[in-house]
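# Coordinate inspection notes
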Amino acid sequence: MARAVTPNRKLINTLVAWTIGFLIFFPILWTILTSFKTEAQAINDPPLFFFFDWTLENYGVVQERSDYTRYLWNSIIIAFGSTTLGLLVAIPAAWAMAFVPSKRTKDILLWMLSTKMLPAVGVLYPIYLLFIELGLLDSRFGLVVVMMLINLPIIVWMLYTYFKEIPSEILEAARMDGASLREEILYVLTPMAIPGIASTILLNVILAWNEAFWTLNLTAANAAPLTAFIASYSSPEGLFYAKLSAASTMAIAPILVMGWFSQKQLVRGLTFGAVK
């Protein structure tokens, strides 16, 4: 039997949860507030929280100085393109490892995971030279491929975990009904793993969206995403905190909206599934 929870215990748990949530969200809140300050107010000591002269001047300056739409479009293409390409490679790979394992499957999974331990700067020079030779420097396609390769181990591991939870008897029944390998993956396995695939997509879109090291080193102007857009406001002349915060707010706004929308859709899907 479940142990009864007292009202005081519920209150304490709620306060602790809200405190932790606020501490995690506070840097984002501070960035948003700073974006509405003047440069003098942004570096004021003591810091100004809500009682200051709110202004939209920083957003106007950012819009005049930078083509925000181009950076945003590049981020969307790179994040979703790399995730889609990664899924096309990872779904068959995870299927093979989950349902047709070999004696080397665990070794391959551990090897793929170990590649995430390699410092990115260790392979920057060869990849940079390779991009120059192939003409992929400062191209969205090049960044899509790099982002896909970087996040591929995570995609395979997540999908492998979800696929292992699906009973193999279901796939065997599909084979007995005459389903080909392609139909088995597309019409049986993939629909059953939609929650796991959705979680994988959301995580990897965020990882690709926030990636700064490769985007700053492999782009210049044409394929620069929002990470380069933010970095452009850190210059040798100094840090313009208010304008930097405005650029950061404009960069994180789409991912916050997408996260909120995804959470609403997930709750709606789980509720619909429970009712059904």
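The paragraphs below set out a description of the structure included in this document. This is a predicted model, so every value here is computed, not measured. (Residues numbered from 1 in each chain as written. Predicted model: local features only at pLDDT ≥ 70, side-chain atom pairs only at ≥ 80, totals over all residues. Heavy atoms only, no water.)

## What to know about unusual backbone geometry
Unlike most non-glycine residues, D138 shows phi in positive territory, near 60 degrees. As for its position among the elements, D138 is in the loop between helix 6 (124-134) and helix 7 (140-164). (Helix = DSSP H or I, 4+ residues; strand = E, 2+ residues; numbered from the N terminus.)

## Regarding the layout of surface pockets
The volume enclosed by the largest pocket comes to roughly 520 Å³. For the largest pocket, the lining is made up of 21 residues, of which V123, I127, L149, I150 and W214 are closest to its centre. Considering every element that reaches the lining of the largest pocket, the biggest residue donor is helix 7, with 6 residues. Along the lines of polarity and charge, the residues of the lining of the largest pocket split into 18 nonpolar, 1 polar and 2 charged. (1 Å grid on protein atoms, 1.4 Å probe; cavity = no way out; pocket = protein on both sides within 12 Å on 5 of 7 lines; lining within 4 Å. Points joined across faces, edges and corners; volume = space filled by probe spheres on them. Nonpolar A, V, L, I, M, F, W, Y, C, P; charged D, E, K, R; others polar.)

## Section: the packing of aromatic side chains
Applying the stated criterion across every chain, the model contains 10 aromatic pairs. With a centroid separation of 5.4 Å and an interplanar angle of 40 degrees, the aromatic rings of F36 and W54 are classed as tilted. Of this pair, F36 sits in the loop between helix 1 (7-34) and helix 2 (39-42) while W54 sits in the loop between helix 2 and helix 3 (57-65); the two residues are 18 residues apart in sequence, bridging distant segments of the chain. Overall, the relative accessible area of 19% leaves F36 in the buried class. Judged by relative accessible area, which is 46%, W54 ranks as partly exposed. Note on F52 and W54: the rings are 4.7 Å apart at their centroids and 15 degrees apart in plane angle, and the pair reads as stacked. Through a chain of ring-to-ring contacts, the aromatic side chains of F22, F26, W30 and F49 assemble into a single cluster. Positioned above the aromatic ring of F52, the side-chain terminus of K37 is 5.3 Å from the ring centre. (Phe/Tyr/Trp six-rings, centres within 6.5 Å; stacked < 30°, edge-to-face > 60°. Buried < 20%, exposed > 50% of the residue type's maximum accessible area, 1.4 Å probe, protein only. Lys NZ or Arg CZ within 6 Å of the ring centre and 35° of its normal.)

## Remarks on the nonpolar core
Counting residues in hydrophobic clusters, the biggest one holds 25 residues, and the most contacted among them are I91, W95, F99, V156, L159, F163 and L189. Elements with a contribution of two residues or more to this core: helix 4 (68-99), helix 5 (105-114), helix 7, helix 8 (168-176) and helix 9 (181-192). With 8 residues, the top contributor of residues to this core is helix 4. In contact with F163, not counting residues within four places along its chain, are I91, A94, W95, A98, F99, L189 and A193. One finds L72, W209, F229 and M250 within the second-largest nonpolar core, a separate group that totals 23 residues. (Core = buried A, V, L, I, M, F, W, Y, C linked by side-chain atoms within 4.5 Å. Contact = heavy atoms within 4.5 Å.)

## A few points about the pattern of salt bridges
Summed over all chains, the structure comprises 2 salt bridges. A salt bridge links D107 to R104; the shortest N-O distance between them is 3.5 Å. (Salt bridge = Lys/Arg side-chain N within 4 Å of Asp/Glu carboxyl O.)

## Observations regarding empty space enclosed by the protein
Scanning the model with the defined rule gives 1 cavity of 30 Å³ or more in all. The calculated volume of the largest cavity comes to roughly 30 Å³. Counting only elements with at least two residues in the lining of the largest cavity, the list comes to helix 4 and helix 10 (194-210).

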